[in-house]
Amino acid sequence: MKDCPIRRPQPPKPAPRPDKVSLLAYLRLFRRDILSAQPARLYRAWMAEFRTPFFRSYLCNDPALVTRVLNERPDDFPKSNRIREGLAPLLGRSVFVTNGEEWKRQRRIIDPAFEGGRLKDTYPAMLAAAQAAVARMPEGEVEVEEAMSHAAADVIFRTLFSIPIENQIAAQVFHEFRAYQRTQPLLNLAAFLPLPSWMPRLHRRATKRSAALIRGLITQLTEARAAEIAAGTAPDDLATKIMTTADPLTGERFAAAEMVDQVAIFFLAGHETSASALAWTLYLLALHPEVQEEVAEEARALSEAPDFAAVARLRRARDVFREALRLYPPVPMMVRENRCPEDFRGRKVAPGAQIVLSPWHLHRHERLWANPDSFDPDRWQTEAGRLSSREAFLPFSAGPRVCSGAGFAMVEGPLMLALLARAFRFEPIAGREPIPVAHLTVRARAGIHLRVFARPA
Ligand code: HEM
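For every chain, the first residue of the written sequence is number 1, and numbering continues from 1 along that sequence. With the structure being a predicted model, the display of local features is reserved for residues of pLDDT at least 70 and the display and counting of side-chain atom pairs for 80 or more, all residues being used for whole-chain, interface and lining totals. To obtain the side-chain values, all non-hydrogen atoms of the structure were used and water was disregarded.

A.B. asks: Which parts of the structure should I look at to understand the state of the cysteines?
C.D. replies: A covalent bond bridging the sulfur atoms of two cysteines is what the word disulfide describes. Pairs of cysteine sulfur atoms within 2.5 Å are what we label disulfides. Following the criterion strictly, the structure yields 0 disulfides and no others. No disulfide involves Cys 340; its sulfur sits 15 Å from that of Cys 60, the nearest cysteine.

A.B. asks: Explain the site of the ligand here, please?
C.D. replies: For each residue, the test is whether any non-hydrogen atom lies within 4 Å of the molecule or strand; if one does, the residue is near. Neighbouring the ligand are 25 residues, the closest being Trp 103, Arg 107, Arg 336, Arg 401 and Cys 403. In protein, a polar contact requires one atom able to donate a hydrogen and another able to accept it; more generally it is a pair of N or O atoms within 3.5 Å, and residues adjacent in sequence count only if both atoms are side-chain atoms. Here Lys 79 contributes a side-chain N or O atom positioned 3.1 Å from an oxygen atom of the ligand. Between an oxygen atom of the ligand and a side-chain N or O atom of Arg 401, the distance comes to 2.8 Å. A molecule is said to occupy a pocket when more than half its atoms come within 2 Å of that pocket's grid points, and by this definition the ligand occupies the largest cavity. The helix count covers DSSP runs of H or I at least four residues long, the strand count covers runs of E at least two residues long, and both are numbered beginning at the N terminus. Listing elements by their share of the shell around the ligand, those giving two or more residues are α4 (100-110), α10 (256-287), β4 (334-337) and α16 (406-423). Cavities and pockets are defined on a 1 Å grid built over the protein atoms alone: a cavity is a set of grid points where a 1.4 Å probe fits but cannot escape, while a pocket is an open set with protein on both sides within 12 Å along at least five of seven lines, and lining residues are those with an atom within 4 Å of any such point. In this scheme, a molecule is assigned to a cavity or pocket if more than half of its atoms are within 2 Å of the grid points.

A.B. asks: I keep staring at the environment of Asp 237 and nothing clicks. Help me out?
C.D. replies: Within the secondary structure, Asp 237 sits in the loop between α8 (205-231) and α9 (238-244). Measuring from C-alpha to C-alpha, the distance between Asp 237 and Ser 162 comes to 6.6 Å, with 75 residues separating the pair along the chain.

A.B. asks: Looking at this model, I keep getting lost on the nonpolar core. Mind explaining?
C.D. replies: A general trend in soluble globular proteins is that nonpolar side chains are found buried together. Met 148, Phe 344, Ile 355, Leu 420 and Phe 426 are the most contacted members of the largest nonpolar core, which totals 139 residues. The element best represented in this core is α10, accounting for 19 residues. With residues near it in sequence (within four places) discarded, Phe 344 still touches Met 47, Tyr 58, Cys 60, Leu 65, Arg 68, Phe 77, Val 349 and Ile 355. In this description, a nonpolar core means a group of buried Ala, Val, Leu, Ile, Met, Phe, Trp, Tyr and Cys residues linked to one another through side-chain atoms lying within 4.5 Å. With a 1.4 Å probe rolled over the protein chains alone, any residue whose accessible area is under 20% of its type maximum counts as buried; one over 50% counts as exposed, and the rest are partly exposed. Note on definitions: a residue-residue contact is assigned when non-hydrogen atoms from the two residues lie within 4.5 Å.

A.B. asks: Please explain the packing of helix α6 (residues 144-161) against α8 as it appears in this structure.
C.D. replies: Working note: a packed helix pair is described by the angle between its axes plus the distance between those axes. Angles run from 0 to 180 degrees between N-to-C directions of axes, and those axes are lines fitted to C-alpha atoms, restricted for helices to the stretch in contact. At a minimum axis separation of 12 Å, α6 and α8 run at an interaxial angle of 25°. With respect to α8, the axis of α6 lies roughly parallel. Residues Phe 157, Leu 160 and Phe 161 of α6 touch α8, and the partners they reach there are Leu 221, Thr 222 and Arg 225. Here the contact of α6 with α8 is built from residues that sort into 4 nonpolar, 1 polar and 1 charged. Any angle from 65 to 115 degrees is called roughly perpendicular, while one under 35 is roughly parallel, one over 145 is roughly antiparallel, and all others are oblique. Residue polarity follows a fixed list, in which Ala, Val, Leu, Ile, Met, Phe, Trp, Tyr, Cys and Pro are nonpolar, Asp, Glu, Lys and Arg are charged, and the others, Gly among them, are polar.

A.B. asks: Would you mind going over empty space enclosed by the protein with me for this structure?
C.D. replies: To locate leftover empty space, one rolls a probe as large as a water molecule over the atoms. Grid points are joined across faces, edges and corners, and a volume is the space filled by probe spheres set on the points. Enumeration according to the criterion identifies 4 cavities of 30 Å³ or more in this entry. In this structure, the largest cavity spans a volume of roughly 980 Å³. When residues of the lining of the largest cavity are traced back to their parent elements, those giving at least two are α3 (81-91), α4, α6, α10, α13 (315-327), β4 and α16. Considering each element in turn, the lining of the largest cavity owes the most residues, 9 residues, to α10. The residue makeup of the lining of the largest cavity, split by class, is 31 nonpolar, 10 polar and 6 charged.

A.B. asks: What is the right way to look at the coordination of the iron atom of the ligand in this model?
C.D. replies: In ideal tetrahedral geometry, four donors around a metal make angles of 109.5 degrees, whereas ideal octahedral geometry with six donors gives angles of 90 or 180 degrees. Listed donors are limited to N, O and S atoms within 2.8 Å of the metal, widened to 3.2 Å for Na, K and Ca; water is not among them, so incomplete-looking sites are possible. Of the protein atoms, Cys 403 (SG) alone serves as a donor to the iron atom of the ligand, at 2.3 Å. Relative to the assigned elements, Cys 403 resides in the loop between α15 (383-392) and α16.

These results come straight from atomic positions and should not be treated as a statement about function.
As structure tokens, then:
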């Protein structure tokens with residue numbers, strides 16, 4: 001007799017808005033979150049044009065257009081100034097917001113710290129953070145977004161500055177970032193909003209105060225590290241590597257203030273995103289207990305303190321993590337601005353338009369993926385899945401401006417999942433289905449609540 005497939009619920013997806021709405025209704029939806037402010041046709045369209053009173057924007061789902069913007073001519077599609085305006089109080093001129101020669105120089109200094117070989121040196125600190133996350137995980141009902149934020153922040157502090165999240169300054173930075181996000185939840189959405197370009201400059205006073213406090217704390221960390229480097233007593237971690245690397249073209253190192261900008265973005269980009277991805281992955285595993293058992297089984301073959309090579313062999317955990325990144329890309333949309341007149345699928349695009357690339361829509365595009373809304377980690381081992389991923393999988397962006405921490409995150413995610421699934425079982429809680437919303441990253445409107453059971457040793 002043929003086995004009946006078990007039908008699992010589809011992972012949650014926000015309800016789209018009606019095709020036509022007034023500008024006021026659009027703004028209101030936008031304030032709630034950018035995902036439900038979009039019409040359903042974006043899951044089928046190759047491109048969509050939005051006309052607003054202040055600028056035009058074009059959402060590109062056509063893989064050829066995405067490649068043109070990110071890979072072929074990235075210098076002609078710089079990051080929008082609207083993004084920089086919104087993020088300046090916290091990030092100054094960090095690599096995330098700069099363009100042109102300034103950005104290229106910053107990447108030349110930062111990239112060596114994240115290269116494959118170097119990741120191996122960073123790995124022991126990552127492992128220590130994953131073991132601490134297992135030791136910290138309570139049983140019973142747990143809000144896992146919060147737990148994963150804590151874990152991912154711990155990874156960043158340990159790998160960057162060789163300090164755990166319990167360190168006094170690290171704990172303060174973590175705490176202040178939460179306050180910052182509460183005062184400025186629409187932070188990087190300024191670029192999408194159909195408002196005049198001076199609007200995003202209106203930072204609230206609380207946001208500025210919070211940003212100044214965070215930068216003060218980070219300054220203490222970088223000054224202490226500069227002194228250790230000078231004394232020859234600095235630990236061999238990411239901060240030391242970045243602060244001692246000279247630009248191969250100019251021989252310059254980062255000035256102290258510039259290093260503060262970079263640490264701020266490493267913390268923000270490196271912990272919010274990983275936390276979001278890990279929390280959604282745990283939810284998907286809770287919805288699919290058979291897959292959860294496979295991840296746990298694979299992890300049981302690891303030693304108590306698995307080495308780097310063993311983590312690289314965690315195929316099931318990696319496929320599950322990728323599938324979670326597909327369904328819930330932590331960075332749901334990215335914005336660029338075109339410098340030259342462009343022809344997009346026969347439509348003339350004047351310079352200065354906002355070009356929106358949407359991992360959220362690409363990853364669930366009905367013409368680019370089979371069963372786009374289903375959780376199916378097996379797809380990563382099929383030819384069709386690989387083909388779709390080459391055309392339409394952008395969780396870390398692509399081209400020269402690809403996420404600096406992509407390799408780092410692809411070790412951190414499977415490692416964390418494997419150790420957690422080996423130690424605990426996760427179950428969904430009836431009536432508490434998380435609703436995805438996008439503010440800074442893709443989060444759940446009221447958190448992700450799971451029931452956690454310790455597995456027998
Ligand atoms: C699952 C985890 C992560 C995801 C999904 C992710 C995703 C992304 C994406 C989509 C971008 C491009 C944004 C844009 O162009 O507008 C980006 C940029 C960046 N990410 Fe990540 N990221 C992750 C983890 C990390 C980690 C762990 C670090 C560092 C420790 C990091 C550091 C950065 C930096 C520095 C940039 C700016 C690169 C540039 O503009 O040149 N990210 N990330």
